[in-house]
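What follows is each chain in one-letter form.
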Amino acid sequence: MHTLAIDIGGTKIALGLVGNGQLIERTQLPTPKAQNAEQFAQVILAHADKWLPEINKIGVSTTGLVTKDGISAINPDTLAFPSPFPLAQALESLTNKPVAMLNDAQAAAWYEFKALGSTIDNMAFITVSTGVGGGVVINRQLHQGNAGLAGHIGHTVVELDGPKCGCGQTGCVEAIASGTAIKKASDDYFFPHISNIDLFSLASKSQHAEAIIARSANAIAALCCNLKATLDLDIIVLGGGIGLATGYLDRVNKAIASRPGAFQVSVVAAKGDYDACLLGAAYQFKE
Ligand code: BMX
Ligand code: ZN
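As a starting point, this report considers the structure included with it. This one's a predicted model, so the numbers in the text were calculated from it and none came from an experiment.

Analysis parameters
Residues numbered from 1 in each chain as written. Chains lettered and ligands numbered in written order. Predicted model: local features only at pLDDT ≥ 70, side-chain atom pairs only at ≥ 80, totals over all residues. Heavy atoms only, no water. Helix = DSSP H or I, 4+ residues; strand = E, 2+ residues; numbered from the N terminus. Polar contact = N/O pair within 3.5 Å; in protein donor to acceptor, adjacent residues only side chain to side chain. Contact = heavy atoms within 4.5 Å. Axes fitted to C-alpha atoms, helices over the stretch in contact; angles between N-to-C directions. Parallel < 35°, antiparallel > 145°, perpendicular 65-115°, else oblique. Left-handed = near helix turned anticlockwise from the far one by under 90°. Nonpolar A, V, L, I, M, F, W, Y, C, P; charged D, E, K, R; others polar. Core = buried A, V, L, I, M, F, W, Y, C linked by side-chain atoms within 4.5 Å. Buried < 20%, exposed > 50% of the residue type's maximum accessible area, 1.4 Å probe, protein only.

## Details of the side chain of Arg251
Moving on, step 1. Relative to the elements of secondary structure, Arg251 occurs in helix α8 (residues 248-257).
Moving on, step 2. For Arg251, the side chain forms a polar contact with the side chain of Glu210, separated by 2.8 Å.
Moving on, step 3. If we skip the residues at most four places from it in the chain, Arg251 touches Phe200, Ala203, Glu210, Ile213, Ala217 and Thr246.

Here's what the structure looks like:
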């Protein structure tokens with residue numbers, strides 16, 4: 001029997017049929033508006049219909065703060081969940097299968113930690129996508145904290161006079177570096193508006209496109225050095241649609257290299273590639 005993996009992001013939901021830790025098949029759908037958990041679960045399950053006879057458990061990784069009562073948004077601009085949003089309970093009652101659920105970046109952090117092998121004790125995973133999410137592994141344990149908030153590093157402040165964040169703070173990493181923030185900065189300058197994919201292609205020809213991407217990468221570099229100073233991490237793993245875009249990791253590493261040696265940390269691309277959070281969803285049943 002296999003696992004149904006569900007990764008809920010602010011822009012898309014990825015679904016996978018996972019067996020022996022490998023993605024056998026994969027599909028995705030645009031994230032619907034989260035009105036009520038049962039309806040949201042039904043939309044997801046309709047897309048996984050043909051796999052249901054082959055699965056005996058469901059692993060979910062989701063954007064938002066996960067508690068036993070459900071999901072709630074830290075930044076409702078990323079994806080507004082009427083909170084608490086009892087999605088695990090809804091999936092369980094519709095399928096009669098056990099459901100495990102973690103924050104998306106926490107799930108990916110655990111998966112990526114295991115993929116790194118035995119030499120690493122302390123690491124973080126950072127996803128730069130619709131928002132900026134994170135998960136931390138300390139002394140070889142996923143650290144969630146008593147409220148489940150640990151790893152929400154997108155909401156640490158790096159520019160005191162920076163842009164407003166949907167979480168209510170000012171100058172959060174997410175408000176500067178996320179795909180949403182990049183798109184906003186790009187829409188303020190380029191007309192007609194262009195996609196983030198086109199912005200990255202334009203960076204070699206347009207100083208302005210390069211500056212928007214560099215501001216994001218510099219904020220992520222500052223975050224990495226802050227994490228190194230706080231937790232003395234051995235390594236940081238980067239994922240997400242922006243994090244894995246061509247040239248982004250190089251920009252982050254270059255910005256880190258210009259900072260004092262004590263705060264430098266090596267940043268590598270996720271082994272799970274764009275599917276680190278999806279693989280992390282299924283991986284919860286491993287250990
Ligand atoms: C936000 C927050 C995090 C999430 C991160 C990345 C919400 C709804 N989400 O900081 O929980 O891990 O975005 O999420 O408050 P993604 O949608 O970009 O994958
Ligand atoms: Zn914030």
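Read on, since the account is not over.
## Quick look at the packing of helix α5 (residues 179-189) against helix α7 (residues 207-231)
Moving on, step 1. Close contact between α5 and α7 brings their axes to 10 Å; oriented N to C, the two are set at 155°. Comparing their axes, α7 and α5 come out roughly antiparallel. Handedness of the crossing formed by α5 with α7: right-handed. Contact residues: α5 offers Ile182, Ala185, Ser186 and Tyr189, while α7 offers His208, Ile212 and Ser216.
Moving on, step 2. Among the residues making up the contact of α5 with α7, the classes are represented as four nonpolar, three polar and no charged.

## With respect to the nonpolar core
Moving on, step 1. Within the largest apolar cluster, 38 residues are counted, with the highest numbers of intra-cluster contacts made by Ile126, Ile220, Ile236 and Tyr248.
Moving on, step 2. When contributions to this core are tallied by element, the ones reaching two or more residues are β8 (123-128), β9 (132-138), α4 (173-177), α6 (196-202), α7, β11 (235-239) and α8.
Moving on, step 3. Counting residues per element, this core draws most heavily on α7, at 11 residues.
Moving on, step 4. Once residues lying within four places of it in the same chain are set aside, the contact partners of Ile236 are Ala124, Ile126, Cys224, Leu227, Val265, Ser266, Val267 and Val268.
Moving on, step 5. Counting 29 residues, the second largest nonpolar core, distinct from the first, contains Leu4, Ala37, Ile55 and Met101.

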